[in-house]
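# Structure at a glance
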Amino acid sequence: MADIILTINAGSSSIKFSAYDIANGELKQLALGLIEGIGGRATFTARKHTGEKTTFELDHSHQAVDQRMGLTAVLDWLEKEENGANVVGVGHRVVHGGPIYAEPVLMDDATFARLKSFEPLAPLHQPYNLAGIEAAREAFPMAAQVACFDTAFHRRHPFIADTYALPREYYDEGVRRYGFHGLSYEFIHRILRHEEPVLARGKVAVAHLGNGASMCAIKSGKSVGSTMGFTALDGLPMGTRCGQLDPGVVLYLMAEKKMSAAEITDLLYKNSGLKGMSGISNDVRELEASNEQSAKDALDYFVSRVRRNLGGLCAELGGLDCLVLTGGIGENAANVRKAILENLEWFGIQIDFDANARNERIISEKGSPTVVLILKTDEERMIAAHTAELLNLKQPLVPAIT
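Residues numbered from 1 in each chain as written. Predicted model: local features only at pLDDT ≥ 70, side-chain atom pairs only at ≥ 80, totals over all residues. Heavy atoms only, no water.

## What to know about the overall build of the protein chain
We count it as follows: Every helix listed is a DSSP run of H or I at least four residues long, and every strand listed is a run of E at least two residues long, numbered separately from the N terminus. Radius of gyration: over C-alpha atoms. The globule rule applied is 2.2 Å multiplied by the number of residues raised to the 0.38 power. To sort residues, take the accessible area from a 1.4 Å probe on protein chains only and compare it with the maximum for the residue type: under 20% means buried, over 50% means exposed, and anything in between is partly exposed. In what follows, a contact means two residues having at least one pair of non-hydrogen atoms within 4.5 Å. Throughout, the Shrake-Rupley method with a 1.4 Å probe supplies accessible areas, and for residues the shown protein chains are the sole cover considered. Asp and Glu count as negative and Lys and Arg as positive, but His and the ends of the chain are not part of the count. Charge coordinates come from a single atom per side chain, which is NZ of Lys, CZ of Arg, CG of Asp or CD of Glu.
Helices and strands together make up the secondary structure of the protein chain, namely 16 helices and 13 strands. Against the 2.2 N^0.38 benchmark of 21 Å for 402 residues, the protein chain shows a C-alpha radius of gyration of 21 Å, consistent with a compact globule. Out of the 402 residues belonging to the protein chain, those deemed buried represent 52%. Contacts spanning at least 24 positions in sequence make up 62% of the contacts within the protein chain whose residues lie at least 6 apart. Total accessible area computed for the protein chain in this model is approximately 18,200 Å², and 51% of it derives from carbon and sulfur atoms. Charge centroids of the protein chain, computed over 41 positive and 50 negative side chains, lie 3 Å from each other.

## Side note on the packing of helix α1 (residues 67-81) against helix α3 (residues 126-139)
Put simply, the rule is: In this description, a line fitted to the C-alpha atoms serves as the axis of each element, helices being fitted only across the stretch in contact, and the angle between N-to-C directions of two axes falls anywhere from 0 to 180 degrees. The labels follow the angle: roughly parallel below 35 degrees, roughly antiparallel above 145, roughly perpendicular from 65 to 115, and oblique for the rest. Left-handed describes a crossing in which the near helix is turned anticlockwise from the far one by less than a right angle; the clockwise case is right-handed. Each residue is assigned to one of three groups, with Ala, Val, Leu, Ile, Met, Phe, Trp, Tyr, Cys and Pro labelled nonpolar, Asp, Glu, Lys and Arg labelled charged, and all others, Gly among them, labelled polar.
Where α1 contacts α3, the axes come no closer than 8 Å and their chain directions differ by 50 degrees. With respect to each other, α1 and α3 are oriented oblique. Seen along the crossing, α1 lies across α3 with a hand that is right-handed. From α1, Gln 67, Arg 68, Leu 71, Thr 72 and Leu 75 reach across to α3, where they touch Tyr 128, Ala 131, Gly 132, Ala 135, Ala 136, Glu 138 and Ala 139. Of the residues in the contact of α1 with α3, the class split is seven nonpolar, three polar and two charged.

## Considering the side chain of His 154
Tracing the backbone shows His 154 in the loop between β8 (144-149) and α4 (159-162). Judged by its relative accessible area of 0%, His 154 is buried. Setting aside anything within four residues of it in sequence, one finds His 154 in contact with Asp 162, Tyr 178, Gly 179, Phe 180, Gly 182, Tyr 185, Cys 216, Ser 223 and Ser 226.

## Considerations on the sheet that holds strand β3 (residues 28-36)
Operational definition: At least two DSSP bridges between two strands are needed for those strands to be called paired.
One open sheet accounts for eight strands, arranged β5-β4-β3-β2-β1-β6-β8-β7; its pairing is mixed. Each having just a single partner strand, β5 (53-57) and β7 (105-106) make up the two edges of the open sheet. Set on the sheet, α3 makes contact with β1 (3-10), β6 (86-94) and β8; between it and β6 the angle comes to about 170 degrees. Sheet strands touched by helix α16 (residues 379-390): β1, β2 (14-21), β3, β6, β7 and β8. Its angle to β6, the strand with the most contacts, is close to 125 degrees.

## Here's the deal with the sheet that holds strand β11 (residues 222-226)
Strand order across the open sheet formed by five strands is β11-β10-β9-β12-β13, with mixed pairing between neighbours. The strands lining the two open edges of the sheet, one partner per strand, are β11 and β13 (371-374). Neighbouring strand axes in the sheet, compared pairwise and without regard to direction, differ in orientation by 25 degrees on average. Examined bridge by bridge, strand β12 (residues 322-326) and β13 share four bridges and lie parallel to one another. Looking at the pairing, Val 324 lines up with Leu 373 of β13. Helix-sheet contacts for helix α12 (residues 293-317) involve β9 (203-209), β10 (213-219), β11 and β12, and the interaxial angle to β10 is about 20 degrees.

## Observations concerning the packing of aromatic side chains
Where we set the bar: Put simply, two rings from Phe, Tyr or Trp (the six-membered ring, in Trp's case) pair if the centres are within 6.5 Å, and we call them stacked under 30 degrees between planes, edge-to-face over 60, tilted for the rest.
Applying the stated criterion across every chain, the model contains seven aromatic pairs. Their ring planes at 15 degrees and their centres at 5.1 Å tell us that Tyr 101 and Phe 149 sit as a pair that is stacked. With Tyr 101 in the loop between β6 and β7 and Phe 149 in strand β8, this residue pair connects regions lying 48 residues apart in the sequence. Assessed through its relative accessible area of 2%, Phe 149 is described here as buried. With a centroid separation of 4.9 Å and 70 degrees between ring planes, the pair formed by Phe 159 and Tyr 171 is classed as edge-to-face. In this pair, Phe 159 is assigned in helix α4 and Tyr 171 in helix α5 (residues 168-173), connecting sequence segments 12 residues apart. By relative accessible area, which is 35% here, Phe 159 ends up partly exposed. Assessed through its relative accessible area of 12%, Tyr 171 is described here as buried. Linked through ring pairs, Phe 17, Phe 44, Phe 56 and Trp 77 together constitute an aromatic cluster.

Here you go:
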């Protein structure tokens, strides 16, 4: 019977999961899966490390499938496919750790209540993350539950990188720049520390570019600045989110367009960004294939904001030794990378465009003052590593990529 760590990323209508065997002090991914349609007719899909795929519809004949039913299905499937696998720990992605949590934490009732108090800070994510924890406690009663936060990596920012120019009482109440995608940034830093220790000790900017997009400045292994702020709306334009926006626009929408908070939330989170600008799609591949000017405009805007924010992060760092591109766009969209990085020789970035076109690990020229890398992020493995470490299980410092 294998001891297994399970990672859970619970959303409003889906649950993503991964299962890891922790034998021999390593994290070997056994399977990953997705349950779609929570709240109605739900479909379970899982793929084992051997490539074998399973898909079936969950029983909804008596009631709509909820988080608990979904995780019970995961447990049943694991016990069948992995010969009675023993889930010893469940690591949860929790978007918001508020101003308190700078590290992963073992869940208990008091911690759960504290995390629930942060729901107003992330109303579109936190309630569903916590519903996943509740469901996992029922489905895996003997397993330790560990909360891993998207905000934790940024919690040691200096004050000026955390605050807004508002009266101090708002900061004290929790209105501050939290930053997100911290699990991705922490994973990238661990890989850098293992593979490029000299660079890891220096001035590093990481661009997590995907449907959600942000950038982070890391100095001597610590996050010192992030493009995201109080919410995951700020900073770069994203697939469907607006990125940086003059708050006066929100006031205008309220006063002149008579839009409600719910309508504005829907606009800024779900119908802006690449999708809103192009009127076509939030998928970079579709925009690159389109002949519409609006598609080109959306991509050009995205590129320009990445370049602008790169300059700002370098000012915070006081220079730049290494730039890492990650996320779906950062890892795969060679044309977008080229547009972001070309003509930056004055900035110390000299790109090998052939290496970039081939998606090689190092895409800067030999001798470039700034080393530019493409690294694949793995937030699930980071959650699994945190869970193993918190449970004092034998686990290497760097999550092994297998």
